[in-house]
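A closer look at the structure
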Amino acid sequence: MKRSFAGTEIIGNVPDKGKAVLWIANHVSWWDGIWVLSVNQKTFRRKFHFMMLEEQLRKNWFFQFTGGFSVKKGTRSILESLNYAAELLQNPKNMVLMFPQGEIQSMHQQQFYFEKGVEKILLKAQKEVQTIFHANFVDYLSQPKPTLYQYLTEYKGGSSHYEMEEAYNRFYRECLTAQMAKLS
């Protein structure tokens, strides 16, 4: 990352509560997992797992050795993937990263629509889970390399699909406003 970015700034202080962590982030590039892994290594130090589309995991097979596990949308096997994620969250030493919009989208996206898997995972997880919202922004400004800005907050609401989606969208809009103010 040091070769590709001028710097990294983490905005938001989320305490480690000693629980399993469900990490929810916007998916803007192939870098996203690496960015979250970096924050995890600095703060939470959990065993890192992430859900990835099956066809992408086949193409990038090495991710299975870094915590990647597959999900195939539109099939019955999706239940196995969601159950596996919920099972991982039984252990407080684990972190599961999810990109609930289910695909890479522009960081300029104004509204995120979540797939319903997050709600199913949280309902199946039998232990209390710490849920973290994460928003990434990359800005070059007057530098030849971009700076990565990572915003974090702990989500303390319910596990309803729509409630989480609305809370994440509110968080993202606040981050975008803060990012614009920072750069002006």
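Brief notes about the nonpolar core
- The biggest cluster of nonpolar side chains holds 39 residues, and the ones touching the most others in it are L22 and Y168.
- Ranked by residues supplied to this core, first place goes to helix α5 (residues 161–183) with six residues.
- With near-sequence residues (within four places) excluded, L22 lies in contact with L89, V96, M98, V118, L122, V129, Q130, T131 and I132.
- Core analysis: the second largest hydrophobic core is formed by 17 residues, A25, L57, F99 and L152 among them.

Here we look at the pattern of salt bridges
- Applying the stated criterion across every chain, the model contains six salt bridges.
- For the salt bridge of K182 with E9, the shortest nitrogen-to-oxygen distance reads 2.9 Å. Highlighted residues: K182 in helix α5 and E9 in strand β1 (residues 7–11), separated in sequence by 173 residues.
- In this structure K182 comes out as partly exposed when scored by relative accessible area, which is 36%.
- Residue classification places E9 among the partly exposed residues on the basis of a relative accessible area of 32%.
- A salt bridge links E154 to K17; the shortest N-O distance between them is 3.0 Å.

A word on the environment of L88
- Considering the arrangement of structural elements, one finds L88 in helix α3 (residues 77–88).
- When the C-alpha atoms of L88 and A125 are compared, they prove to be 8.5 Å apart, with 37 residues separating the residues in sequence.
- Excluding residues within four positions of it along the chain, L88 makes contact with H49, F69, N94 and V96.

Considerations on unusual backbone geometry
- The phi dihedral of R45 falls on the positive side, at around 55°, and the residue is not glycine.
- Within the secondary structure, R45 sits in the loop between α1 (32–44) and β3 (47–53).
- Taking relative accessible area as the criterion, R45 reaches 64% and is therefore assigned exposed.

Section: the pairing of strand β6 (residues 129–139)
- In terms of burial, β6 is a largely internal element, ten of the eleven residues being buried.
- When strand β2 (residues 20–25) meets β6, the two strands line up parallel, connected through six bridges. What sits directly across from A25, in β6, is H134.

Here we look at a nonpolar patch on the surface
- A grouping of M1, W30 and I34 is seen on the molecular surface, where their side chains present a nonpolar patch of about 290 Å² in accessible area.
- By secondary structure assignment, the location of M1 is in the segment before β1.
- What makes M1 partly exposed here is its relative accessible area of 31%.

A look at α3
- For α3, with twelve residues, the first-to-last C-alpha span of 17 Å sits near the 16 Å given by 1.5 Å per residue.
- When α3 is considered as a whole, its buried residues turn out to be S81, L82, A85, A86 and L88. Taken down its axis, α3 places every buried residue within 160° of arc, on the same side. Turned more than 90 degrees away from the buried face of α3 sit E80 and E87, all of them exposed.

Observations concerning the pairing of strand β7 (residues 147–155)
- For β7, a buried count of eight out of nine residues is recorded, marking the element as mostly surrounded by other parts of the structure.
- Strand direction decides the pairing type here: β1 and β7, joined by five bridges, are parallel. Each bridged residue has a counterpart across the sheet, and for I10 the counterpart in β7 is Q150.

Cut-offs applied
Residues numbered from 1 in each chain as written. Predicted model: local features only at pLDDT ≥ 70, side-chain atom pairs only at ≥ 80, totals over all residues. Heavy atoms only, no water. Core = buried A, V, L, I, M, F, W, Y, C linked by side-chain atoms within 4.5 Å. Buried < 20%, exposed > 50% of the residue type's maximum accessible area, 1.4 Å probe, protein only. Helix = DSSP H or I, 4+ residues; strand = E, 2+ residues; numbered from the N terminus. Contact = heavy atoms within 4.5 Å. Salt bridge = Lys/Arg side-chain N within 4 Å of Asp/Glu carboxyl O. Pairing = 2+ DSSP bridges. Patch = residues over 30% accessible without salt bridge, like charges linked within 9 Å, V, L, I, M, F, W, Y side chains within 5 Å. Areas by Shrake-Rupley, 256 points an atom, 1.4 Å probe, with all protein chains shown as cover. Expected span 1.5 Å × (residues − 1). Arc of directions from axis to C-beta.

The analysis is restricted to geometry; functional conclusions fall outside its scope.
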